[in-house]
Amino acid sequence: MRHLLFFVCLGMALSSRAQSNDAYIQALIDRYSEPLELNCDVFIELDVEGIVIPPKTINLRFMNGEPKISGEGIAMLPKKGIVNQFNELLQEDFQAIYLSNRGNKRVYKLVSLDDRSDWITADVMFDERSLLVSEATINTRKFGSFKVVNSYDGFMYPAKTEISFKLKKFKLPIKFLGRVDPSINVTTDQEITEGKVFLSYTYLD
């Protein structure tokens, strides 16, 4: 029995090692490994039950991978799902597990190997030729889960992104947000658990 258990564990270890060397995953990592040099305007629309938030346009500029945000409504830019999401996620230590093929797209589950990471797992679907990520569902340690759906228009980074989120129940810091953006109108005092964010990118320079 001990010998059988040893070989089962050894087989699992070898399988994990093989999955981490997956050629498609390595190509995806390589594609998103360069520091971002981008300048774009982002039109932001939010659909969150209980809160009325007017659409906003902000400028998002990356220099050597570091973001700089300017314009109105910067407090409303989501923490997850913006244009640099996968540049950051794919540079962390993770285990990649192949799940399936959907036409010319491949689906993997990424499992974080870093206890300090703010994400636990990410189900990622990407085109095996262009390596563009079309969908990702990211489960985090503190903020619940996020589903990111990207559409592209001839560029490496998305033209539009839809982010659906299911947050762990918490009281939204309404007063804080109100001070940052007085145009926010809160219609209820209920706990916010889910919503959507729509991002439209216009790339400049």
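Calculation criteria
- Residues numbered from 1 in each chain as written.
- Predicted model: local features only at pLDDT ≥ 70, side-chain atom pairs only at ≥ 80, totals over all residues.
- Heavy atoms only, no water.
- Helix = DSSP H or I, 4+ residues; strand = E, 2+ residues; numbered from the N terminus.
- Buried < 20%, exposed > 50% of the residue type's maximum accessible area, 1.4 Å probe, protein only.
- Polar contact = N/O pair within 3.5 Å; in protein donor to acceptor, adjacent residues only side chain to side chain.
- Arc of directions from axis to C-beta.
- Contact = heavy atoms within 4.5 Å.
- Pairing = 2+ DSSP bridges.
- 1 Å grid on protein atoms, 1.4 Å probe; cavity = no way out; pocket = protein on both sides within 12 Å on 5 of 7 lines; lining within 4 Å.
- Points joined across faces, edges and corners; volume = space filled by probe spheres on them.

(A) View of the side chain of Ser112. Of note, Ser112 is situated in strand β6 (residues 105–112). For Ser112, a relative accessible area of 12% puts it in the buried group. Within the local environment of Ser112, its side chain forms a polar contact with the backbone nitrogen of Asp114, the two atoms lying 3.2 Å apart.

(B) Molecular detail of helix α2 (residues 23–31). Taken together, the buried positions of α2 are occupied by Ile25, Leu28 and Ile29. For α2, the angular spread of buried residues about the axis comes to 100°, placing them on one side. Looking at the packing, one finds that the buried side of α2 touches β5 (94–102), β6, β7 (119–127) and β8 (133–140). Where α2 begins, the capping side chain belongs to Asp22, and its oxygen is found 2.8 Å from the backbone nitrogen of Tyr24.

(C) Molecular detail of the pairing of β5. Of the pairings in the sheet, the one linking β5 to β6 comprises eight bridges and is antiparallel in character. In the strand pairing of β6, Ala96 is matched with Leu110.

(D) Structural view of the pairing of β6. Hairpin connection, β5 to β6: the antiparallel pair is bridged by two residues, and Gly103 has positive phi, about 65°. Two strands pair when backbone bridges link them, and β6 and β7 are joined in this way by seven bridges, in the antiparallel orientation. Each bridged residue has a counterpart across the sheet, and for Val107 the counterpart in β7 is Met125. Hairpin connection, β6 to β7: the antiparallel pair is bridged by six residues.

(E) Representation of empty space enclosed by the protein in the model. For the structure shown, the criterion picks out one cavity of 30 Å³ or more. In this structure, the largest cavity occupies an estimated 70 Å³ of space. Lining of the largest cavity is provided by 14 residues; of these, Ile82, Val83, Phe86, Asn150 and Pro158 occupy positions nearest its centre. Taken together, the elements giving at least two residues each to the lining of the largest cavity come down to α3 (85–89) and β9 (145–151).

(F) Spatial organisation of the environment of Asn64. Here Asn64 is to be found in the loop between β3 (56–63) and β4 (66–70). Among the residues examined, Asn64 registers a relative accessible area of 61% and is labelled exposed.

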